[in-house]
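In case you want the letters, here they are:
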There are 2 protein chains.
Amino acid sequence: MAEKRVYFFGSGKAEGNATMKELLGGKGANLAEMTSLGIPVPPGFTIATKVCAEYYRSGAKWPSGLAAEIDKNIAKLEKSMKAKLSDPKNPLLVSVRSGAAVSMPGMMDTVLNLGLNDEVIEGIIAKTKNARFAYDIYRRFIDMFGDVVMGCHHEYFEAVLDAAKKKAKVQLDSDLSAEQLKDVVEKYKVVYKKHVGKLFPQDGKAQLTLAINAVIKSWMIDRAIKYRKLNNITGLLGTAVNVQAMVFGNMGEDCGTGVCFTRNPSNGKKEFYGEYLINAQGEDVVAGIRTPLPLKKLQKQMPVIYTQLTRLMTRLEKHYKDMQDMEFTIQERKLYILQTRTGKRTAEAAIRIAVDMVAERLIPKKEAVMRVTPEQLDRLLHPHFDPKAKRNVITKGLPASPGAAVGQVVFDADTAEAWKKKGKKVILTRIETSPEDIGGMDAAIGILTARGGMTSHAAVVARGMGKCCIAGVSDLHIHYKAKKMNVGKLTIKEGDWISLDGTSGEVMKGTLGTVEPKMSGSFERFMRICDSARRLGVRTNADTPEDAKRAREFGAEGIGLCRTEHMFFEGDRIWAIRSLILAADDYDKMLAELDEASSDKEKKAIVKEHSVAKKQFEGALKTLLPYQRSDFEGIFKAMAGLPVTVRLLDPPLHEFLPHEKENQAEMAKRLKVSPADVKRKVSQLHEFNPMLGHRGCRLAVTYPSIYRMQARAIIEAALNVKKSGVKVLAEIMIPLVGAVEELKIVKDQIVDEINIVFKERKQKIEYMIGTMVEVPRAALTADEIAKEAQFFSFGTNDLTQMTMGFSRDDAGKFLGEYVNSGIYAVDPFQALDQTGVGKLVEMGIKLGRKARKGLKIGICGEHGGEPSSIDFCHRVGMNYVSCSPFRVPIARLSAAQAAVVNK
Amino acid sequence: MAEKRVYFFGSGKAEGNATMKELLGGKGANLAEMTSLGIPVPPGFTIATKVCAEYYRSGAKWPSGLAAEIDKNIAKLEKSMKAKLSDPKNPLLVSVRSGAAVSMPGMMDTVLNLGLNDEVIEGIIAKTKNARFAYDIYRRFIDMFGDVVMGCHHEYFEAVLDAAKKKAKVQLDSDLSAEQLKDVVEKYKVVYKKHVGKLFPQDGKAQLTLAINAVIKSWMIDRAIKYRKLNNITGLLGTAVNVQAMVFGNMGEDCGTGVCFTRNPSNGKKEFYGEYLINAQGEDVVAGIRTPLPLKKLQKQMPVIYTQLTRLMTRLEKHYKDMQDMEFTIQERKLYILQTRTGKRTAEAAIRIAVDMVAERLIPKKEAVMRVTPEQLDRLLHPHFDPKAKRNVITKGLPASPGAAVGQVVFDADTAEAWKKKGKKVILTRIETSPEDIGGMDAAIGILTARGGMTSHAAVVARGMGKCCIAGVSDLHIHYKAKKMNVGKLTIKEGDWISLDGTSGEVMKGTLGTVEPKMSGSFERFMRICDSARRLGVRTNADTPEDAKRAREFGAEGIGLCRTEHMFFEGDRIWAIRSLILAADDYDKMLAELDEASSDKEKKAIVKEHSVAKKQFEGALKTLLPYQRSDFEGIFKAMAGLPVTVRLLDPPLHEFLPHEKENQAEMAKRLKVSPADVKRKVSQLHEFNPMLGHRGCRLAVTYPSIYRMQARAIIEAALNVKKSGVKVLAEIMIPLVGAVEELKIVKDQIVDEINIVFKERKQKIEYMIGTMVEVPRAALTADEIAKEAQFFSFGTNDLTQMTMGFSRDDAGKFLGEYVNSGIYAVDPFQALDQTGVGKLVEMGIKLGRKARKGLKIGICGEHGGEPSSIDFCHRVGMNYVSCSPFRVPIARLSAAQAAVVNK
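Residues numbered from 1 in each chain as written. Chains lettered and ligands numbered in written order. Predicted model: local features only at pLDDT ≥ 70, side-chain atom pairs only at ≥ 80, totals over all residues. Heavy atoms only, no water.

What to know about the sheet that holds strand β5 (residues 110–114) of chain A
All names here are of chain A. Going by this rule: Strands were regarded as paired on the criterion that DSSP finds at least two bridges between them. Numbered from the N terminus, helices here are DSSP runs of H or I no shorter than four residues, and strands are runs of E no shorter than two. Residues are treated as being in contact if the distance between any of their heavy atoms lies within 4.5 Å. Each axis is a line fitted through C-alpha atoms, and for a helix only the stretch in contact is used; angles between axes span 0 to 180 degrees, taken between their N-to-C directions.
The strand order across the open sheet formed by six strands is β2-β1-β3-β6-β4-β5, and the pairing between neighbours is antiparallel. On the outer flanks of this sheet lie β2 (13–14) and β5, each paired with one strand and no other. Pairing geometry for strand β1 (residues 6–10) and strand β3 (residues 44–47), over four bridges, is antiparallel. Residue pairing in the sheet places Y7 in a bridge with T46 of β3. Packed on one face of the sheet, helix α3 (residues 66–81) meets β1, β3, β4 (94–99) and β6 (240–245) and runs near 5° to β1.

Right, here's the structure in full:
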């Protein structure tokens, strides 16, 4: 038997079914499935996708046997329709449509009304008594066939039609009479002859052959190739070709056409939803020339059809177990379903439908979890612009933190705070932000920077605050002194209004209307469904009690990363830390000398010699201790009963020093040293590559007292909070560890300090000490490191920087080009580079658990809130992910999807 | 039978031998070995090292059975010596010495003349008729026993002796009469009683027991523990205790003592060498009070003894197959050998002895290779200071490049060049150096920097030039404007003379005499022996024909790293590259637009729009091309027939721009742009972490034309040189690759350009394209990358930086503390971190060779010239190492040693 390439459907029977999408395309498989279900579908046949592949392989030829097989199916179709191709008395008209396994809406070609010719038209007129209808479909067919199949531009036909309308002095196509349309048809044929070089083909079979080839060819047209590339669609054989009997909704008042949804696609409510037009073709519903009627009206207009339709809707939704988007046509009071597919829906609707379908026992929870995309959820959590508002886009940057912000431009943090107090909405605009800008960022409604990438300071902090941010707008030239910025020739001054779209990265001049996010009741229910499906824990990155509370409301099960450096910038604290930095070297020298000293006398002399530094350093620590303690108390209370991972001081000390001359002078005055001293310290602490510099636990190796103070603050806070009856689970995390000996030295200091606190307080509390794995060497030697670490947290921001050799603050200059040219599929600071960095993560987990069974492992880099990275974390067996508060729901969903997909 | 713990040697028989060092210590094993060989060694016994371990384990107790075993051996010794412990008539005197498996010179305790007491002394006087000798050895014994065994400070005894000398009005101990010494002995016993609280023990057995314990205890005294820690001596059981019959060289004119070497330890000549004193004890030879006589004299003075001694020397050298350093004593015309050990020697001697012994067929080549340390070779290759010269050390930095330099301080490169032209010797002193300083560095005789580590720019370049350099002198405060520097309160001005010891890192005020390196004829022969033993190839890092030639003279088998960026700084070139940088963005934009353009007309318009940038960019490339081509021609010629790996442009572009205002103004003037334009470009190219920034092949992804120009220059040069009949093996190396797609894109551009050259020239030449593996991700995905790379070269400088998260320019601030505290055993920029970075290197090699069988793999980081790293490279199966020219001989030796050790 010859190889089967064509699949028939009709009269309640079909050779294909819904599972055969790969071979029949989505449309073909669904038409077959519906036919088998007894749904009234116009009959037809599907030429399999493999034919498309064979066609290209063999140099644009049909495989042998195909022609005969098509002929056989035409015969079958003619029999089923009781009509014949090119038979004027009883003509069969067909549509020829593309349909690949994955939907590529509008990308490939379609030919309708195929089978018409000069004789058939006469037959149709005789049969329908409707000459206007007949000439109308004929002229449409010539236009479509000429354009799609023969490459004769639609505009040539359009010109003829326009001339006819002008001549007839009418506005609409539908106002042309049968006679006038007949004239148009004649003129169309002339146009066709002129541009194609041949007469318009009168033979239906010949028309069909050409149309099938045209559909197959449309698989390889530019826009289709681009679409597949953009949407990462690979591995398909090609498009199928669906040849289906035409039905007409425009043959009279007992005809009609419409689209319907089994549920409301905009809010998800369970109700029949849709619209239709009487005496119209499908394209008229979409075109908007006539206003379609709501589906409800059909109940009065054609009650029988309405009942039939709603029954079919219910049946199809039950069958496909998802909300369906259907096309139907009524031809002479007979209902046909032309297409059914899973309906697109808003984020709100997606959640409600998923939740409802679980309640209706239509789908299991696992399936519900897959029905909402993380992107939908994200959109739901942030304000966005009114989609109808006109956008005056002046430039574009990186969409660093989603949302929409409208405000007045300010160029420094102080002004931002001052204006905020006056009730103004401000957009803080900086070349780049630094920790000194925190107050201003908090006061701003949106943040805009000229430099820095998706994980620059601005981006990370903004996402943490759930605040809209656009970063790295490279053609923005900011002039701080003049309080203005230029984008090309456009100048924007302080106080001017701009709008930021943090989701697209677009910067707009003026004010745009925003829509605030709405959280429906279904949201909570959906999140609980996700929670029941996932294995990964979801924690949050939060540095303040406020963030911690918000994250907990979003469902965070603990804090995975509490950064302590932000705590050093507020109010008096910055002066204490600056004072400490000035004294640190001398103080450290004193400690070293004391270590070497052999007699008490000698020790006294040493202490005396360094008394100024000692007073200054220890005084600063004493100032900081109560602040830190109360910070931790607030966070422990907010997270009662949940684990809190506190990362000890991480940034290089120079980040705490002022870099501008006047600020240095202020510091000198306040700390009673000379400006030269301040300048010298700043220059002494200057680093060529601060990312790889003197920071993290390296600070503790050289200045142990800082971590000791922090450890004391954490444990004292834990004891205080515990006293009030609240359960505290403190996890102390040491950053930037590269070697086990380093971890051990630092850990021993911390444990020693904690034991001192326990002794002083005559009370103990459980705690853990673990480490960040963010230096490649830590992952490579994780078996050693796990001997000293009670938990690992992968800091994949830094791990990515070091493994790939990118500075996230600088990579913006070339990373775009890297992603564009396909070197990296996505920005590795957004989605974890699983091939490279992921390999290290896997090694780290394997080695770590080899040395310490059941080692608790999480991720606290920005990737902890990104779906594909969360999927990776699930697969490699992490215990939890940690992300910014606003990403927590997305992480819960992604973790659930990972659990479903990977089982 | 009880466990054996004591090993006897004497009368030509011994229970131990030379292989039992672990159990008997080095000294004990050698005494046993010599005894068995029939060498006249005073008999004795060795208490095994395990006793020491048992002693500490059991809380300072002897293991049971030890006392009886010692008694048995004393009896044996008494029999052998025909004398008895504490027998006044025929007293046995013994020495009690420590001796671990590894030599720890002077670290542990020794007691001599044990067995003396008030009665024995009388017997000795009666026997020797030499009361002075008898009281002299007695007072020495009481002093030593009191001090070493009982903790009664030597100074108490010394005070008595000084008083006696004062009273007798004599200068030297030896001027004291027997009577006076007798009086000293009595007073010593009083001192002993006073401080120890007991009478001086008269029983020889009791003395021995205490002395044995004292020696065992000395294993754990502070200085011994520190010594082991410093020298990384671990895994030893403890010290053995050697109890040996005393012989005396100070009993009269027929007695004597001396040391001798079987070859000249200073130049390696094969001759008997040594010195001796008649009527003296060993310590007198060392003390320098009397001037010892050269060994030759003994031939006349005691011809029989001389002949006997030289025979023994020959015999022992033959037996041990190495130059021996022996101690001998002549007692009443009888020769005793007290010790033999491998003799220390100068670098020159080490080489000559190794080469000679191979020629004498005494040792195989493999053994000869192990006889010279890389450090010795290094010393031989650089000038050094006269060791006798007085050093006025003012500060210390990192010994960044070995050698000695004396010159006048200058603070900028221009002055260095100008003064050099006037014939002055200058030391270029900078806060840090940058590529702009190359000319000045070349002109200077030594380089001194206040910042930067062992692999800072200054250090790397200086080592490449074989030039003395001290880097990272943190207490150096340089004031460029005032042309002076401060070290503490000391001010050094331009023109002042200083001396640098690049081997120790010491900076000295004033001029110190230097000794130039001398290369003996043996050097070449030794190197050839090394070459025959090694498997690893040795290449060099060389950027100029001069360096290439020098390296070839040192034995380099090719260039493993030819950096092309240095070529951009000379003369006009810097202006071309600066001009190119100014135009690059606009030019790049033009290329992108041309790519999108669909018509020729459109293309013309685009070119016209960007015509200024185009002219500037392409003009700069055209200026650079001939320079580069002639650079490569010179290098290819110098390396005729050997492979040359050329690394394409690596540093970020901002390194080529001036950072100081006046230089920027000069650039603006010269390139006819505004100073603001220059400033803007500098600020636009500024990077937070340039190490991880826009450099290496990332430049080629954004500005393809630069690598194209370089590829063209390489291939045109290769074709030109080939034409002159010289064989060229060009290997083009792409730096900073992190992903295979990146490599592919860049490689395709290069191959395309090369094919254009081939077409133009109608001629082809073989070449290779490979990559540096220096980004961790490249090692992690080496299987992918090897598909596109014909060779790998591990750039372990950057690989270390990224894997460990250290910036080599900044790590100086804390790395010292890291090494001190034992977190890292050595500076990972000096010796490859085998545990962490090495793991990545191994992965990279394995994965790379899995994908491409027989992939050629080398190393071109600084580690390529460091012995322990070379050993690693051998073990992981690299093909070659590449290092700076002056390290080539060291690499050849280290590679040979690696081959010997790892087989």
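Section: the pattern of salt bridges
All names here are of chain A. Stated precisely, the cut-off is as follows: In the sections that follow, a salt bridge refers to a side-chain nitrogen of Lys or Arg positioned within 4 Å of a carboxyl oxygen of Asp or Glu. Exposed residues in this analysis have more than 50% of their type's maximum accessible area, buried residues have under 20%, and partly exposed residues fall in between, with area computed by a 1.4 Å probe over protein chains only.
With the rule as written, the count across this model stands at 112 salt bridges over all chains. For E716, the salt bridge identified is with R712, shortest N-O distance 2.9 Å. Taken as a pair, E716 and R712 lie in helix α27 (residues 704–723) at a separation of four residues, close to a single helical turn. Under the relative-accessibility criterion, R712 is labelled buried at 13%. It is possible to trace a salt-bridge network through shared partners that takes in R629, R708, R712, E716, D752, E753 and E760.

Quick look at the sheet that holds strand β9 (residues 293–294) of chain A
Adjacent strands of a sheet form backbone hydrogen bonds with each other and so pair up, either parallel or antiparallel. Residue and element names in this part refer to chain A. In space, the five strands of this open sheet follow the order β9-β8-β7-β10-β11, with antiparallel pairing throughout. In this open sheet, the two strands that pair with only one neighbour each are β9 and β11 (334–342). Taken together, the eight bridges between strand β10 (residues 324–331) and β11 define a ladder with antiparallel strand orientation. Residue Q331 lies in a different strand from β11, and its bridge partner there is K334. Against the sheet, helix α12 (residues 303–320) contacts β7 (256–261), β8 (273–278), β10 and β11, and its axis sits at roughly 30° relative to β11.

Quick look at the packing of aromatic side chains
The condition is simple: Centres within 6.5 Å are what make two rings of Phe, Tyr or Trp a pair, Trp counting through its six-membered ring; a difference in plane orientation under 30 degrees is then read as stacked, over 60 as edge-to-face, and the rest as tilted. Remark: a charge is flagged as sitting over a ring if the NZ atom of Lys or the CZ atom of Arg is within 6 Å of the ring centre and within 35 degrees of the ring normal.
Enumeration over the complete set of coordinates arrives at 42 aromatic pairs over all chains. Plain terms: the ring middles of F141 of chain B and F200 of chain B are 5.7 Å apart, the flat faces sit at 85° to each other, and that makes the pair edge-to-face. Of this pair, F141 of chain B sits in helix α5 (residues 131–149) while F200 of chain B sits in the loop between α7 (178–196) and α8 (204–217), and the two are 59 residues apart along the sequence. Look at F200 of chain B and you get buried, because its relative accessible area is 5%. In this structure an aromatic cluster arises from ring pairing among Y138, F141, F145, Y192 and F200 of chain A. Sitting over the ring of W219 of chain B, R228 of chain B keeps its end group 3.6 Å from the ring centre.

With respect to the relation of the copies chain A and chain B
Let me state the cut-off plainly: Only residues with pLDDT of at least 70 in both copies count here: their C-alpha atoms drive the least-squares fit that superposes the copies.
In screw terms, the move from chain A to chain B is a rotation of 180° and a rise of 0.0 Å along the axis, fitting with an RMSD of 0.3 Å. What the superposition gives is, in effect, a two-fold axis relating one chain to the other. Here 100% of the interface residues in chain A have copies in chain B that are interface residues too; the copies meet face to matching face.

Keep in mind these values describe shape, not function.
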